[in-house]
Structure formats: structure tokens, C-alpha cells
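Here is how the chains run, residue by residue.
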Amino acid sequence: MDSSVIQRKKVAVIGGGLVGSLQACFLAKRNFQIDVYEAREDTRVATFTRGRSINLALSHRGRQALKAVGLEDQIVSQGIPMRARMIHSLSGKKSAIPYGTKSQYILSVSRENLNKDLLTAAEKYPNVKMHFNHRLLKCNPEEGMITVLGSDKVPKDVTCDLIVGCDGAYSTVRSHLMKKPRFDYSQQYIPHGYMELTIPPKNGDNKSFTCTLFMPFEEFEKLLTSNDVVDFFQKYFPDAIPLIGEKLLVQDFFLLPAQPMISVKCSSFHFKSHCVLLGDAAHAIVPFFGQGMNAGFEDCLVFDELMDKFSNDLSLCLPVFSRLRIPDDHAISDLSMYNYIEMRAHVNSSWFIFQKNMERFLHAIMPSTFIPLYTMVTFSRIRYHEAVQRWHWQKKVINKGLFFLGSLIAISSTYLLIHYMSPRSFLRLRRPWNWIAHFRNTTCFPAKAVDSLEQISNLISR
């Protein structure tokens, strides 16, 4: 496509969060004119409100997207490597479950700092303009028009060639697409909520630690006083109290109410060549696989790869984007729900730890044949739905292998028992039947019943 035509194309990115600001970077590289509309104020000058976001886990998919716009090294340098999940039992026992091999880790990154860096990176492009405190009122993709409300409270109509909905789980863009024929949508709230707590730095250093409490809402609602909170933590998380401190713990706990978690699925992700959904606007997921941000970033990367393939032709790119990403994003949504149940109910079981150890062993001896699900999702770009298919196949192979091994052990044990048992042992087995014969001679017993017992005794004797 001629570069002069590309320069005339105008794109309205709705949402200046993580995915919106990253997508602005990708599109700006292609010489589109980008306007980003964000309902909130600029986070770089605003007072940050704690407790409304979960610390993020950056993994391979997200890093590849950042690498494509030249930001990987900058973001990675600010992250804290996390190599294992630590399981704390009520008895005080700790069990570490590595995320991958010794060289593999995920990065804990601050949502606030990451968003600031992405906004700054987007603004460096001369063809990107940010509009903070601008809320989307209407979206009319057929006519290529949106209506936004700025801080002056005067609605403004804006025309554009492409509307990119990156406005989160409660997307306004998506709500307009839901009125279109054949647009499927579903949502599910889980019974758990989350609350952010802070472990303050020690020894005067500048390293605090953010942790998140996940718990059913009905349990949150039982903790009404400071004493309730301290008693609860003393019972279930006693090692956290000295690290946080009772005063800060109570302060954080009552700072904000527990926040809900929602899972959203929709189809399709686009409308003709005029509108597309990315990130949580297309597929909000619960946070228990650490893939929400990474899946959203991969949306941007896949979209960019398709723009390369189709030479920036939106009429070709958007339908293929939906066809590719819908099965993958629905798959990671399902996996996140699965991991929610696993982390809630199974991580303390011996069988769960045995399975994880077996997965690591099989991967170590057959690295290209057997790949744990977590490794496929977190440390590769294997498509999410293909990872699920491969995982199911591997589980069948393992279950059949365990059944075969168990059967082999049982048969071998039986053979050895029979082969090496002494004749005297078989004589002992006959004794009960001798007792029965003696009992018949001294007791009144129905003749037919005794004859049947004698037949059984004779069979065993043979």
C-alpha cells in the first residue's frame, strides 16, 4: 500500500491502558495517525490509587511483543525474577514448585510503572496524540465515527478509519458491538475476590513487596473489625503478620473493599474493516495463569504480524485476526479457570506435587516430546488452543503409562509370590478346610453344604 495513503489513515484507540498504549506504538510504526482516548487522567501525573490492580507477571509472549517495539530490555530491567511458586501449609511447611527449568523465570512488574513507560513510548511517535479525561459516549463503526466527552463536558464527534477497542473488561466499544447481529457474548464472575496488601521494606532499602489475598467474598464479609483481621491472619497466614505488621495490615485491609474478578468471552473480535477489539475488551480472564496482560500483548503482536502479511489491508487483516485469536483467547480463558480451581483446592495435595515432579522429569528426559502445560503457556508462543490439545494428549499418555506400570507391578508381584512361596505355606492354606471336615464330624451340618465345602477344599488341594 502506498505510504501516502497510509499516512491519511486515522485510527482511534479507545483506552490508554497497557494494551491500548502498546497497540498505539505498533500502529504508529506503520505511519497511521493515532489518537488515543483514555477516560482517566494521565497516570504519570495522577496520584496512584493502591489496591485496584494485581501485580503483573510478564512472560515470553508479552516480552516478544515488547521486543517488537524495542521496549523489552527497558521493561525487563525493572522486573523481579520469579522462579517458583512457594506453597505454605498451616503446619509451617514450605514446598517450592519451580515454574520451569533453572534458566526459566517470569518477571513481576508494576502495572503502574509499565503503563507509564508504554504511554511515554507511544508519545515519542510524532503521529500519536493522547487525549486523557476523554470518555467514549458513542461508537458507530459503520460510519467510522465516535463521540467522546472531554473535560470541557462538550460531546465531540471524531471520524476515523479504524476504531481499536482496548478499553478493558467493561468495554464501551464492545457494548456497542453487542448490538450487532451474530455477536456472541458471555461473562462469569467467580465467587472469589482479591485485595492487595503490602510488605514494607526492611533495613531502610527501597524494596517493598506487593502481595494479593484471594478469598471468597463471604469470607471477606465476615472480617468486620481490626481484631477479626488479625485473628484471621494469625490462624491462616501467621508468617505474614511479622512481615507486614499488624497496623499496616489492618490499614491495607480496610483501605478498599475486595475487588471482583470476571471472565469475558465474545465473538467476533472485529466488525468489518472498521473496528477491532484487543486485550480485556475481547477476552477478560481471571488472573490465575498470569496470562491476562501477556495474552493482550500477544494480540497486538499477532495483529502486527498480520498487517505485515496483508500489507496493511484492514479488510483482510481483521477477519483473519478474529479467526486466529478467538480459539486461542477462549482457550487461555478456560485454562485460567482451570488454574483457579487447581490453586484453590489442589496445590497442597501430595498427588499434585507428584504430578508436577513427574512432568519435570519427563520434560528433562524428553524435552521435545513432553512439554508441561505451564511451560507451553508461559515460556513459548505455542498457540494457546494447541497447547491445550497437546496437554490433553500428554495426560492420556501418562495415565495409560501409569496404568500399564501398575498392572506390570501387580502381575510381577503375584508371580514372585507364587514362585517363591514354600510348600509349607500352601499346607497352611489347606488347614482351614481340615478344620471344616473336623467340624462336620462333630457338629450337625446340612450334608449338601458340607459336600460343597469339601469340593472347594479338594480343588485348592490340587
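As shown above, the structure is provided for reference.
Since the structure is predicted, the reported quantities are computational estimates derived from the model, not experimental observations.

### Quick notes on the overall build of the protein chain
Right, on to step 1. A tally of helices and strands in the protein chain yields 18 helices and 17 strands.
Right, on to step 2. The burial tally for the protein chain puts 44% of its 462 residues in the buried class.
Right, on to step 3. The contacts in the protein chain between residues at least 6 apart in sequence include a share of 69% that link residues at least 24 apart.
Right, on to step 4. Of the accessible surface of the protein chain, which amounts to about 25,300 Å², a share of 56% is contributed by carbon and sulfur atoms.

### Section: the state of the cysteines
Right, on to step 1. By the definition in use, this model includes zero disulfides.
Right, on to step 2. This cysteine, C139, is not joined by any disulfide, and C275 carries the nearest cysteine sulfur, 4.9 Å off.

### Considering a nonpolar patch on the surface
Right, on to step 1. A contiguous nonpolar surface patch, about 310 Å² in accessible area, is contributed by L90, Y236 and F237.
Right, on to step 2. Take F237: it is sitting in the loop between α8 (226-236) and α9 (240-244).

### Quick word on unusual backbone geometry
Right, on to step 1. In this structure, S268 follows S267 across a cis peptide bond, with omega equal to 15°.
Right, on to step 2. Looking at the element boundaries, S268 is found in the loop between β15 (259-267) and β16 (270-271).
Right, on to step 3. At S311, a residue that is not glycine, the phi angle is positive and equals roughly 50°.

### A look at the packing of helix α2 (residues 18-28) against helix α12 (residues 292-309)
Right, on to step 1. One can describe the packing of α2 onto α12 by two numbers: an axis separation of 10 Å at closest approach and a directional angle of 20°. In terms of orientation, α2 and α12 fall into the roughly parallel class. Crossing hand, α2 versus α12: right-handed. Contact residues: α2 offers L18, V19, L22, Q23, F26 and L27, while α12 offers M293, G296, F297, C300, L301, F303 and D304.

### Some remarks on the environment of E246
Right, on to step 1. Summarising the element assignment, E246 is placed in helix α10 (residues 246-253).
Right, on to step 2. Spatially, the C-alpha atom of E246 lies 9.0 Å from that of S226, the residues being 20 residues apart in sequence.
Right, on to step 3. Excluding residues within four positions of it along the chain, E246 makes contact with V230 and I241.

### Observations concerning the sheet that holds strand β9 (residues 135-140)
Right, on to step 1. Overall, antiparallel pairing links the three strands, which are arranged β9-β10-β11 in an open sheet. In the strand order of this sheet, the two ends are held by β9 and β11 (155-159), each with one partner. In this sheet, neighbouring strand axes are inclined to one another by 25° on average, regardless of whether the strands run parallel or antiparallel.
Right, on to step 2. Here five bridges tie β9 to strand β10 (residues 145-149), and the two strands are oriented antiparallel to one another.

### Section: the nonpolar core
Right, on to step 1. If you look at the biggest cluster of nonpolar residues, it comprises 70 residues, and the most contacted ones within it are L22, I34, L114, I146, V164, F297 and F303.
Right, on to step 2. When sequence neighbours within four positions are dropped, the list of residues in contact with F297 reads L18, V19, L22, G62, A65, L66, L114 and L118.

### A short note on the side chain of S380
Right, on to step 1. For S380, the position within the fold is in the loop between α15 (373-378) and α16 (384-420).
Right, on to step 2. Only 2.5 Å separates the side chain of S380 from the backbone oxygen of M376, close enough to count as a polar contact.
Right, on to step 3. Apart from residues no more than four positions distant in its own chain, S380 is found in contact with H60, R61 and T375.

### Concerning helix α5 (residues 111-123)
Since the α-helix turns once every 3.6 residues, residues separated by three or four places project in the same direction.
Right, on to step 1. For α5, which comprises 13 residues, the first-to-last C-alpha distance of 18 Å matches the rise-based estimate of 18 Å (1.5 Å per residue) to within 8%.
Right, on to step 2. Between the side-chain oxygen at the start of α5 and the backbone nitrogen of E112 there is a gap of 3.3 Å, and the oxygen is on S110.

### Regarding the sheet that holds β15
Right, on to step 1. If you trace the three strands from one edge of the open sheet to the other, you get β14-β13-β15, paired in antiparallel fashion. Either end of the sheet is taken by a strand with one partner, and the two such strands are β14 (209-216) and β15. Going across the sheet, the axis of each strand differs from the next one's by a mean of 40°, ignoring polarity.
Right, on to step 2. Where strand β13 (residues 184-199) lies against β14, eight bridges are found, and the strand directions are antiparallel. By the bridge assignment for β14, Y194 is matched with F214.

### Topic: the packing of aromatic side chains
Right, on to step 1. Scanning the model with the defined rule gives 15 aromatic pairs in all.
Right, on to step 2. With 5.3 Å between their ring centres and 75° between their planes, F253 and F254 make a pair best called edge-to-face.
Right, on to step 3. Its relative accessible area of 39% is what places F254 among the partly exposed residues.
Right, on to step 4. Chaining the aromatic ring pairs together yields one cluster made of Y99, F289, Y374 and F379.

### A few points about the side chain of D329
Right, on to step 1. With respect to the element layout, D329 can be found in helix α13 (residues 314-345).
Right, on to step 2. Owing to a relative accessible area of 0%, D329 belongs among the buried residues under this scheme.
Right, on to step 3. A polar side-chain atom of D329 sits 3.3 Å from a polar atom in the side chain of H283.
Right, on to step 4. Excluding anything up to four places from it in sequence, D329 contacts F269, H283, A295, D299 and Y384.

### Re the environment of F209
Right, on to step 1. Tracing the backbone through its elements, the reader meets F209 in strand β14.
Right, on to step 2. For the pair formed by F209 and L243, sequence separation is 34 residues and the distance between their alpha carbons is 9.8 Å.
Right, on to step 3. Not counting the four nearest positions on each side in its chain, F209 is found in contact with L197, T198 and I199.

### Some details on the pattern of salt bridges
Right, on to step 1. Summed over all chains, the structure comprises 17 salt bridges.
Right, on to step 2. D308 serves as the salt-bridge partner of R30, at 2.8 Å between the closest nitrogen and oxygen. Taken together, the residues R30 in the loop between α2 and β2 (33-38) and D308 in helix α12 connect sequence positions 278 residues apart.
Right, on to step 3. With a relative accessible area of 13%, R30 lands in the buried category.
Right, on to step 4. Residue D308 is classed as exposed on the basis of its relative accessible area of 53%.
Right, on to step 5. We note a salt bridge from E305 to R381, for which the minimum N-O separation is 3.0 Å.

Thresholds applied
Residues numbered from 1 in each chain as written. Predicted model: local features only at pLDDT ≥ 70, side-chain atom pairs only at ≥ 80, totals over all residues. Heavy atoms only, no water. Helix = DSSP H or I, 4+ residues; strand = E, 2+ residues; numbered from the N terminus. Buried < 20%, exposed > 50% of the residue type's maximum accessible area, 1.4 Å probe, protein only. Contact = heavy atoms within 4.5 Å. Areas by Shrake-Rupley, 256 points an atom, 1.4 Å probe, with all protein chains shown as cover. Disulfide = S-S within 2.5 Å. Patch = residues over 30% accessible without salt bridge, like charges linked within 9 Å, V, L, I, M, F, W, Y side chains within 5 Å. Salt bridge = Lys/Arg side-chain N within 4 Å of Asp/Glu carboxyl O. Axes fitted to C-alpha atoms, helices over the stretch in contact; angles between N-to-C directions. Parallel < 35°, antiparallel > 145°, perpendicular 65-115°, else oblique. Left-handed = near helix turned anticlockwise from the far one by under 90°. Pairing = 2+ DSSP bridges. Core = buried A, V, L, I, M, F, W, Y, C linked by side-chain atoms within 4.5 Å. Polar contact = N/O pair within 3.5 Å; in protein donor to acceptor, adjacent residues only side chain to side chain. Expected span 1.5 Å × (residues − 1). Phe/Tyr/Trp six-rings, centres within 6.5 Å; stacked < 30°, edge-to-face > 60°.

Everything listed is a geometric property; what it means functionally is a separate question.
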